[in-house]
Structures are given as structure tokens and as C-alpha cells.
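One-letter residues, chain by chain:
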Amino acid sequence: VAGIELPHKQWPELIGSLLSNIHQVETHVKQATLETLGYICEEVPPQVVDQDQVNRILTAVVQGMNATETSSDVRLAATRALYNALGFAQANFTNDMERDYIMRVVCEATQSSDVKIRQAAFECLVAISSTYYEKLAQYMQDIFNITSKAVREDEEPVALQAIEFWSSICDEEIDILDDYRSEYTGDSDVPCFYFIKQALPALVPMLLETLLKQEEDQDQDEGGWNIAMAGGTCLGLVARTVGDDIVPLVMPFIEENISKPDWRRREAATYAFGSILEGPSPGKLAPIVNVALNFMLAALARDPNNHVKDTTAWTLGRIFEFLHGAVVETSVITQENCQQILTVLLQSMKDVPNVAEKACGALYFLAQGYEDEGSVSPLTPFFQDIFQMLLYVTHREDATESNLRTAAYEALNEVVRCSNDETAPIVMQLIPVIMLELHQTVEAQKLTSDEREKQNDLQGLLCGCLQVIIQKMGSIEGSKYAFMQYADQIMDLLLKVFASRNATVHEEAMLAIGALAYTAGPNFAKYMPQFYQYLEMGLQNFEEYQICAITVGVVGDLCRALEDKILPYCDGIMTQLLKNLSSNQLHRSVKPPIFSCFGDIALAIGENFEKYLVYAMPMLQSAAELSAHAVSQDDEMLEYTNQLRNGILEAYSGILQGFKSSPKTQLLVPYAPHVLQFIDTMYGGREMDDAVMKSALGVLGDLADTLGSHVGPLIRDSSSSKDLIEECMVYDDPLVRESAEWAKHAINRAVSG
Amino acid sequence: MAPPPDHRRPIKRVAISDQQRRRELALRVQADRRSDAQNRARQLASSVLSLGPVTEVEPE
């Protein structure tokens, strides 16, 4: 009730009367009062409570946490209430004395004899680490001592929170350092205090110790979480924070333990190695990985312990992810070791499900490294064997365990993505196999709900696989025609898949159809009568807005494939798109692509877009006005505003280009002042990203190109056009420069003509 | 009060699923094809214009 009333300035006496209870002698009243204050702080936004009341709440809560409080129940309620009240304490954390006092009480509570209080106090420290990172410098030494003791000696729930404190500091520093490196800002609102770098010599040994505290069979427990897992995760974050500096601190641990008879030591060493592969430079890691690779392959093939094999396969995957492919200058994979790697990976796919799943994941990253290789991929000779093994894995009785089937299909997709002219015929052989599998799922009847769920998963995977195959075969000129012989059957199956009621399956089928439309081109028209109902269904799906967004994208694919053959369906599509734009229920992220889609439709049907102008233009104008004046409070809002602007500009471009050379061009002249004003306002606001800049230049050029002398003087007088173009002519991005050149040329023609 | 957030983090998992990748890739490919289509239309307009004077002098 307070959550509803306090923001409306009602129930003003609530907090005051609660606080008067704090002086009650009865413990249960104190405890209940603190719990209520905790609930209120959780529900009510901080700005609703004035600073005086915040001070009194914090005083009551901190007093309740104090070591002088004799009741454990009261101390626990107070500590949990503080967790929720921390968001209110902005002003108090800027005051040195108040902050010192709060920090002292929290640190004291971490030493309580009650495990629940210790856990709640560490949870407070975790929350403080993210909310008040920049205020922590003077407490870090003490916090290190406290967390270090807890990690080494305390019970698991407490130790996990103590590790989480350091993971959370890493999160903060990774974000800040990312901001420092960002090409946009090059700076961060909060400075980096390099706490992790300073703590490194003590922090890393503490984390390495945790790696030895594995549980038996922990890899079979999906979603499991224990000290070793938290420690390894934290070590990975530390590596991402400090880069090369972590390597010399971890290498002795790896060297000492990797060959020990105790599986825990071998696994911990491998996990440490895998954890530090992201962050340090490839130059630092490559020599180590080159030495370790053979050892890792031998361990995956022969280590007697499944846990060690699981971590080894995962580590190999990380090696391929971070030290192989376009991301690095010199890959650690060579023509020579590739065969050995593949032999071991494929063999491991017959291992227990969790090991096989990691082997599939490793193959995924191995293949990813060859996506841009052209026809010299060393995977080429192994394509047949790889597909055979992956299909075998998808049919394993235990393929639903450890996400194995999904991992196998994902690896299959990635191998397809890195196929080329030479391997395309082998991919082509996959098509009937995948179609047969999909056929079997759509024919299956009378399933239990459990079987239905598994079938939905499988249908989603098969549609995803078909999508990847269609995209790839469509992009290889020599395979396109051979592929098209399957188009009718594939389309037939995909339409049957829509009988499923599952959102993921619909989305995957829709994406596959979009890919097929692009590959088939104008020939896709023959499928439209049957497909249209599902297209409309997708556009109407507000609840699963991802489906709606994907379907809007597919309309774009169809426009480009069918061009004016899409005309008979445009009344229905436009009606639905306009409805979607007017709806408050539709997720906002779908709206920018809908505007872009207007452009796709207009470009496809040209002057036939005339009848939609009267509806589409006012929508575009009001959205343009809103987005041009939008004040972006945060990065997320700024990104959305720019997406919206880009969508609107793409719509204008499509419409202008669609009408180009038509006798009806005149119809657009009345809209030109508004379009120019939109660009002027955005340019004045100075928050356009590169994509918006490029689109704005495009629209300026399209206006001039399509409307010529009708708008020449108008463009000449526009405050932004000249400045924007001049500014973009010397821009870093060559595409922006190119667009500026083109726009300038078009405008000059319009003005002189 | 709701329990504090569970701080479990994904273990030995890739940051992005292939499904998410397919979705993002499809959106990126669509955006690229849209801009290709628009650029093609622009180039066509430019080449027609630049060919303008030449076509005038060509004999019918």
C-alpha cells in the first residue's frame, strides 16, 4: 500500500509512526518495524522519501545492526533492511562521517556469530560495491581482509557473497575501462580506482585456492553454484579487468597442479587456465597455449576423470574463441594440428553428455575462426566426418541431457556457415536429412506435454539449421540453383511448422522463410497465397514482440525479393503496420523497424504507395517531431532515439526513391519542408550517431534527386544541409564521406536546375 | 522483502546463444540489404543523370 500511496504524497505519517516503534522494548515490534521499513525501501523510489526521513530510516536501521543490539532477529532484519535502503543513501555516502559509520557497522556485521547476519552483511557490501564504487578506496584494505577470511574459512553462503564482492568490483572496472576505450566518449563518469590491479597479488592466490573446492559431479547439475565455480568466474573477470598482469600469477599454479594424481588439482589447474584466456593479449597467451595445446588434447582424450575432461573441452573452446580466427593475427591452429584437434573433438562427442556438449562448443569456436577463410579452410577435408558425428550426437538417447542436442545443432550451424564452394555439395546433402527430421516432428501426434516440449525444442533447432543452410547456399552462386530444387518442400514444411503454438518455433520458421524469400527472389510469389496468413499472424503478435519484430523484417525481405509482386498484399500489411504503430501495447523496440519497413514497401511498389501516403506521412511526421526533440537521459534512451530517427529517415528515403521519375512526384512536395525541419532539428541537437548521419545525408540527397527544382531553394535555405554535408565530407567513416559527396552532388543539381 | 538477487553467474557458457546470433545476424543482413537497395536506387539515379547529356546527342 505504501508503494502506491507514498509516491502520491499520501500517508505522510507512515514513516514517522514506524520510526517511533523503534524505541519499543519488545523485540518482535522492533524486528517487524525494520522489516516493514525494508519492504518500503524496496518498493518506493528513492526520490519519494525526503532526506530528513531517509536520515531517520538509516539511523534506525544502522542502530538495529549495531553490535550492541542483543537480539539476532533484530540485527538480521536491520541488515536486510539496509540492503534495500542503500539506494536511498546517496547523500549519506557523500558525507565522510556518515559513510564511515555505515561502512563500520556493515563490516562489523560481517563478523557476527550468526551466519545469516554475516551473509546479509556481505550482501550489503556487494550492493555497496556497485552503487558506491567510487567511495570505497579508504575501506578496500579492510574489506580485502574481511572477504579473504570469509572465502577461506566461512560457510558456503557467506563465502559466495565474499567472492561476489570482488566479481562485482570487476564488473564496475570492466565497464569503466570499456568507457575509457570507447571511441565515442573516451571517458567515464566514474574514474577507475584500479582496486583489482592493486589487490592482484593477494586476490589471485585467494581465488586459486577456491578452485580446489569442487563438488563431485557438479558438471551434471545445470545451474549449480559453489565456491569453486564462483572463484573461477571471479578469476575470469579479474583477467578481463587487468589483462596480461594476471598471467604470471596464475601460471605457477597451473604448472604445479596440471599433472597431479588428484583430479581436483588437475581440474583446478585447467579451470584456471581456461578462465584467464579472455583479457590478456594474444601475444602474451599464444606461446603458452602453443605448449599447452597437445597436453589439453591428450587430457580430453585420456584423462580418467569426467570433470577434468569437461573443463578441458571447455578450455579448448576458449582457446579457439580467443586465440584463433579473425580476432588474432596468428592463429594457434595450424594446418598441421587441425587434424589432431578434430580427431580428439569428434571422439569426445561420444563421451558422457556434459563432455560431449563442451566438445561441440569447442568445435563451434574452431569453425567460427574459419568463417571468413574462403576456400582454404583446413576443415574442408573433414566436413563429411563432422556432419556425420554431429548428426549422430543429435540422435543420442541422452541428447537432451546437458543441452547436448542444442550444442550439436549449433556446432552444425557454425560449420555450415564456414562452408565454401568446395564444401557446398556436402552441405547440400544435409538438406534432405534435416527436412526428414522436421517432417517427422510435424507428423508426430498424440504427444504428452513433456514430449511436446521436447518436440518444440527440436523443431526450433531444425528450422534454425534450415535458415543457416538457406542463407549459406543462397550466397554461394554455384549452389543456389541446386538448392532451389528443395525450395517447394522446405516451404511446405515450414508452413506446417506454424501449426505449433510455440513462440521460438514461430520465430525460427519466420527467419528461415525470410532467408528463403531472399534466395528465391521473385519466384517466392507462388508461396505468398499460403504464407500470407502466417505473415499477418506474426505482425499481430504483440505479446511475443520478438516474433512481431522478426516478421516486420521478413516483410522487408519479401519487398526486396518480390518487388511490385508484393502489391496485392500491401493493403493488409500496411493496415497492420499502421495499427502496430498506434498501439501502446507493442514493445517500443519494434517501432523503428516498422518505419524502415515503410521505406522497403515504398521502394518495392513505387508510386503505388500513393494511397498510403495520407496515413503514413502523418505518422512519420509526429514520430519525427517526438524523436527530434527527445531529451536522452541515458545511453539506452539515446540509442533508442537514434534507432527511431534512423527508421524514420529510411522510410523517407524509400518513399522518395519509390516515387522517383514518377508523374506523381509532386505529391511529395508538401512534405518536404517538414522532412528538412526534422533534419535541421536533429542536427541542432548534436546527438546523431553515424548511422543517423548517413541516413540523413541520404534523405537530403533523395529529396534533391526526386523533387529537384521544387525543393532546391528550400534545401539551400535549410540551416543544416550545408553544414552537415561539409562536416561529413571530412568524417572518419568513408561511408559517411561517400554519402556526403553524393548528397552534395544531388543538391547542387537541384539548386542549379 | 524479496530475497536479494541470486548472484549465480553462467558457468562455462558462451556469452551469446546461436539462436540470438541467428536473430541478430538476420536483422543485420536485412539492414545491409535495405541500404544496398537504397544505394542501388541512388546509383541508378546518378548514372541516368550523368548519362543525360550523352543520350541527347545519340541519334534516334
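For every chain, the first residue of the written sequence is number 1, and numbering continues from 1 along that sequence. Throughout, the order in which chains and ligands are written sets their labels, letters from A for the former and numbers from 1 for the latter. pLDDT decides what is reported in this predicted model: residues at 70 or higher carry local features, side-chain atom pairs at 80 or more are listed and counted, and totals for whole chains, interfaces and linings draw on all residues regardless. Side-chain numbers come from the whole structure's heavy atoms, not from hydrogens or water.

### Focus on the overall build of chain B
Selection criterion: The numbering of helices and of strands both runs from the N terminus, where a helix is a DSSP run of H or I of at least 4 residues and a strand a run of E of at least 2. Partly exposed residues are those whose accessible area sits between 20% and 50% of the maximum for their type, while under 20% is buried and over 50% is exposed, using a 1.4 Å probe and protein chains only. For every accessible area listed, the method is Shrake-Rupley and the probe measures 1.4 Å; residues are considered covered only by the protein chains on display.
Each helix and strand in chain B was counted, giving one helix and zero strands. Out of the 60 residues belonging to chain B, those deemed buried represent 27%. By element, 57% of the accessible surface of chain B is carried by carbon and sulfur atoms, the whole surface being about 4,100 Å².

### Topic: helix α11 (residues 195–210) of chain A
Residue and element names in this part refer to chain A. Heads up, the rule is: The seven residues ending at a residue and the seven starting there each receive a fitted axis; the angle between those axes is the bend at that residue. Note on definitions: a residue-residue contact is assigned when non-hydrogen atoms from the two residues lie within 4.5 Å.
Of all the bends in α11, the greatest measures close to 65° and is centred on Pro-201. Buried residues of α11: Phe-195, Ile-196, Ala-199, Leu-200, Leu-203, Val-204, Met-206, Leu-207, Leu-208 and Thr-210, and no others. Those residues of α11 that are buried are in contact with α9 (140–153), α10 (156–181), α12 (227–242), α13 (247–257) and α14 (263–275).

### A few points about the packing of aromatic side chains
Each aromatic ring pair is characterised by the separation of its centres together with the angle its planes make. Test applied: Stacked, tilted and edge-to-face pairs are distinguished by plane angle, under 30 degrees for stacked and over 60 for edge-to-face with tilted covering the rest, among Phe, Tyr and Trp rings (Trp via its six-membered ring) whose centres lie within 6.5 Å. In this analysis the charged atom, NZ for Lys or CZ for Arg, is taken to sit over a ring once it is within 6 Å of the ring centre and within 35 degrees of the ring normal.
Here the structure, examined in full by the defined rule, presents 16 aromatic pairs over all chains. Here Phe-524 of chain A and Tyr-527 of chain A contribute two aromatic rings whose centre-to-centre distance is 5.2 Å and whose plane-to-plane angle is 70°, an arrangement assigned as edge-to-face. For the residue pair Phe-524 of chain A and Tyr-527 of chain A, the accessibility class agrees, reading buried in each case. Through pairs of rings, three or more aromatic residues link up here, namely Phe-498, Phe-524, Tyr-527, Phe-531 and Tyr-534 of chain A. The ring of Tyr-271 of chain A carries Lys-12 of chain B above its face, with NZ or CZ at 5.7 Å from the centroid. Seen from the ring of Tyr-518 of chain A, Arg-33 of chain B lies directly overhead, with NZ or CZ sitting 3.1 Å from the centre.

### Topic: the pattern of salt bridges
Going by this rule: Take a side-chain nitrogen of Lys or Arg and a carboxyl oxygen of Asp or Glu: if they are within 4 Å of each other, that pair is a salt bridge.
Counted according to the given criterion, the structure contains 40 salt bridges over all chains. Across the pair Glu-610 of chain A and Lys-664 of chain A runs a salt bridge, and its minimum N-O distance is 2.7 Å. One end of the pair, Glu-610 of chain A, is in helix α30 (residues 610–629); the other, Lys-664 of chain A, is in the loop between α31 (635–659) and α32 (672–685), with 54 residues separating them in the sequence. Classification of Glu-610 of chain A as partly exposed rests on a relative accessible area of 31%. Assessed through its relative accessible area of 32%, Lys-664 of chain A is described here as partly exposed. Here Lys-744 of chain A and Glu-726 of chain A are joined by a salt bridge, their closest N and O atoms 3.8 Å apart. Taken together, the residues Lys-744 of chain A in helix α36 (residues 734–752) and Glu-726 of chain A in helix α35 (residues 719–729) connect sequence positions 18 residues apart. When its relative accessible area of 29% is taken as the criterion, Lys-744 of chain A is described as partly exposed. One salt-bridge network, held together by shared partners, links Glu-371, Glu-414, Arg-417 and Glu-508 of chain A together with Asp-18, Arg-21 and Arg-22 of chain B.

### Section: the packing of α13 of chain A against helix α15 (residues 282–302) of chain A
Residue and element names in this part refer to chain A. This is how it is decided: Axes here refer to lines fitted to C-alpha atoms; in helices the fit is confined to the stretch in contact. Angles between the N-to-C directions go from 0 to 180 degrees. If an angle is under 35 degrees, it is roughly parallel; if it is over 145, roughly antiparallel; if it lies from 65 to 115, roughly perpendicular; otherwise it is oblique. A crossing counts as left-handed when the near helix is turned anticlockwise from the far one by less than a right angle, and as right-handed when that turn is clockwise.
Look at α13 against α15: their axes get within 12 Å of each other, and the N-to-C directions meet at 15°. Of the possible angle classes, the one that applies to α13 and α15 is roughly parallel. At the point where α13 passes α15, the crossing takes the right-handed sense. Only Lys-284, Leu-285 and Ile-288 of α15 make contact with α13, whose side of the interface consists of Val-247, Pro-248 and Met-251.

### Some thoughts on helix α33 (residues 690–707) of chain A
Residues and elements named next belong to chain A. We apply this condition: The span expected for a helix works out to 1.5 Å for each residue beyond the first. Pairs of N or O atoms within 3.5 Å make up the polar contacts considered here, provided that, within protein, one atom can donate a hydrogen while the other can accept it, and that residues adjacent in sequence are counted only when both atoms are side-chain atoms.
Taking 1.5 Å per residue as the helical rise, α33 with its 18 residues ought to reach 26 Å, and the 25 Å between its terminal C-alpha atoms agrees with that figure. Counting buried positions along α33 yields 15 of 18 residues, so the element is predominantly enclosed. With a side-chain oxygen lying 3.2 Å from the backbone nitrogen of Ala-691, the N-terminal cap of α33 falls on Asp-689. Where α33 ends, the next residue or the one after it, Gly-708, has phi of about 50°, a positive value.

### A look at the interface of chain A and chain B
Worth spelling out the cut-off: Two parts placed together each lose some accessible area under a 1.4 Å probe, and adding up what both lose gives the buried area. Each residue is assigned to one of three groups, with Ala, Val, Leu, Ile, Met, Phe, Trp, Tyr, Cys and Pro labelled nonpolar, Asp, Glu, Lys and Arg labelled charged, and all others, Gly among them, labelled polar.
With 68 residues of chain A in contact, the opposing surface of chain B contributes 29 residues. Interface of chain A and chain B: buried area, both sides summed, is about 4,200 Å²; carbon and sulfur atoms make up 51% of it. For Asp-310 of chain A, the salt bridge identified is with Lys-12 of chain B, shortest N-O distance 2.9 Å. At the boundary of chain A and chain B, one finds 21 residue pairs in polar contact (both at pLDDT 80 or more). Considering each element in turn, the side of chain A that touches chain B owes the most residues, six residues, to helix α27 (residues 545–562) of chain A. The residue inventory of the side of chain A that touches chain B, partitioned by class, reads 20 nonpolar, 22 polar and 26 charged.

### A few points about the state of the cysteines
Residues and elements named next belong to chain A. For clarity, the cut-off: Two cysteine sulfur atoms form a disulfide, by the criterion used here, when they sit within 2.5 Å.
Enumeration over the complete set of coordinates arrives at zero disulfides over all chains. Its sulfur unpaired, Cys-192 is 10 Å from the next cysteine sulfur, which belongs to Cys-170. The thiol sulfur of Cys-559 is not disulfide-bonded, and the nearest other cysteine sulfur, from Cys-597, lies at 5.6 Å.

### So, the nonpolar core
Which entries qualify depends on this criterion: Side-chain atoms within 4.5 Å are what join buried Ala, Val, Leu, Ile, Met, Phe, Trp, Tyr and Cys residues into a set we call a nonpolar core.
Ranked by size, the top nonpolar core spans 283 residues in total, and within it Phe-524, Phe-531, Ile-601 and Phe-609 of chain A carry the most contacts. For Ile-601 of chain A, the residues in contact, after removing those within four places along its chain, are Val-555, Cys-559, Cys-570, Ile-573, Met-574, Leu-577 and Phe-609 of chain A.

### Looking at the environment of Glu-443 of chain A
Checked against the element boundaries, Glu-443 of chain A lands in helix α21 (residues 424–443). The spacing of Glu-443 of chain A and Pro-529 of chain A is 86 residues in sequence and 23 Å in space, taken between C-alpha atoms.

### Quick look at unusual backbone geometry
All names here are of chain A. Not every positive phi belongs to a glycine, and Lys-446 is a case in point at roughly 50°. Look at Lys-446 and you get exposed, because its relative accessible area is 84%. Although it is not a glycine, Glu-563 adopts a positive phi angle of roughly 50°.

### Considerations on the environment of Glu-610 of chain A
The spatial distance from the C-alpha of Glu-610 of chain A to the C-alpha of Thr-665 of chain A is 9.8 Å, given a sequence separation of 55 residues. When sequence neighbours within four positions are dropped, the list of residues in contact with Glu-610 of chain A reads Phe-659, Lys-664 and Leu-667 of chain A.

### Considering the environment of Glu-410 of chain A
Looking at where Glu-410 of chain A falls in the secondary structure, it is placed in helix α20 (residues 404–417). For Glu-410 of chain A, a relative accessible area of 17% gives the class buried. Linking Glu-410 of chain A and Val-250 of chain A, residues 160 residues apart in sequence, is a C-alpha distance of 32 Å. The residues contacting Glu-410 of chain A, other than those within four sequence positions of it, are Tyr-364 of chain A together with Ser-17, Asp-18 and Gln-19 of chain B.

### Some thoughts on the side chain of Ser-627 of chain A
All names here are of chain A. Mapping Ser-627 onto the fold places it in helix α30. Look at Ser-627 and you get buried, because its relative accessible area is 2%. With near-sequence residues (within four places) excluded, Ser-627 lies in contact with Thr-641, Leu-644, Arg-645, Ile-648 and Phe-678.

### Thoughts on the packing of α13 of chain A against α14 of chain A
Residue and element names in this part refer to chain A. Where α13 meets α14, the closest approach of the two axes is 8 Å, and the angle between their N-to-C directions is 150°. Every pair of crossing elements has a handedness; the one defined by α13 and α14 is left-handed. Every residue of α14 that contacts α13 at Val-250, Phe-253, Ile-254 and Asn-257 is listed here: Arg-265, Arg-266, Ala-268, Ala-269, Ala-272 and Phe-273. A class-by-class count of the residues in the contact of α13 with α14 yields seven nonpolar, one polar and two charged.

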